[in-house]
Amino acid sequence: AVVLLENYAHLQSENKDQETRRGSDALSRIINVSGRQRMLTQRMFLFTLSNFQSIGDQPEQRRKFNRSLSDFRIALKELMSCPQNTEEIDGQLLMVNKLWDNIEPALVDILDTDEPTIQQREELIKALKKSEQVLFALDEIVFLYERIAD
């Protein structure tokens, strides 16, 4: 009977360890997703600026931009629905979403034209300035998730 109780206690301990690892794995995944958002943001600007300067295969850049944009949107929705979110994380995510809603049209507009107008150039400059805010917010989000994981 003592051996059975010891085995039961050992199994209970292993189950708790597995649950902790699963929770840790889920949080590690969210940290990676939030970090990847920074990379996707930078990639979309790279494709837009390359297209703006007529560098490289423009249809290919548009395809890569669209894929990055799709990945960004899907991941942002995932992050916004993450059960580990604090009020601070939710606030940062809402800010990123709002900023991105203002940035995206300028990028798409540049990608959809062969010869950017002066107004499109000005909108791109504004978008570039806002992108810095997005990157800072995404850095903060990664930091906040990492703090939860510790």
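Residues numbered from 1 in each chain as written. Predicted model: local features only at pLDDT ≥ 70, side-chain atom pairs only at ≥ 80, totals over all residues. Heavy atoms only, no water.

### Some details on the overall build of the chain
Which entries qualify depends on this criterion: Secondary structure elements follow DSSP: runs of H or I of four or more residues count as helices, runs of E of two or more count as strands, with numbering from the N terminus. The cut-offs for exposure are 20% and 50% of the maximum accessible area for each residue type, with area from a 1.4 Å probe on protein chains only; residues under the lower value are buried, those over the upper are exposed, and the others partly exposed. Note on contacts: a residue pair is in contact if any heavy atoms of the two residues lie within 4.5 Å. Only the protein chains shown count as cover for residues, and all accessible areas are computed by the Shrake-Rupley method using a 1.4 Å probe.
Looking only at helices and strands, the chain features 4 helices and 0 strands. Overall, the chain shows an N-to-C arrangement of helices and strands of α-α-α-α. Each of the 150 residues in the chain was classed as buried or not, and the buried ones make up 35%. Put simply, of all contacts in the chain between residues at least 6 apart along the chain, 77% involve residues at least 24 apart. Entry remark: accessible area of the chain is about 9,500 Å², with carbon and sulfur atoms responsible for 52%.

### Observations regarding the pattern of salt bridges
Inclusion rule: When a carboxyl oxygen of Asp or Glu lies within 4 Å of a side-chain nitrogen of Lys or Arg, that pair is called a salt bridge.
If you walk through the whole model with that rule in mind, you get 9 salt bridges. Taking the shortest distance from any N to any O, the salt bridge between Arg29 and Glu78 comes out at 2.2 Å. Of this pair, Arg29 sits in helix α1 (residues 2-52) while Glu78 sits in helix α2 (residues 58-80), placing them 49 residues apart in sequence.

### Some thoughts on helix α4 (residues 118-149)
Heads up, the rule is: For a helix, the expected span equals 1.5 Å multiplied by the number of residues minus one.
An ideal rise of 1.5 Å per residue puts 46 Å on 32 residues; α4 measures up with 47 Å between its terminal C-alpha atoms. For α4, the set of buried residues is Gln120, Leu124, Ala127, Ser131, Val134, Ala137, Leu138, Ile141, Val142, Leu144 and Tyr145.

### Here's the deal with helix α3 (residues 87-111)
Taking 1.5 Å as the rise per residue, α3 with 25 residues should run 36 Å; its terminal C-alpha atoms sit 36 Å apart, in good agreement. The complete set of buried residues in α3 reads Ile89, Gln92, Leu93, Val96, Leu99, Trp100, Ile103, Glu104, Ala106, Leu107, Ile110 and Leu111.

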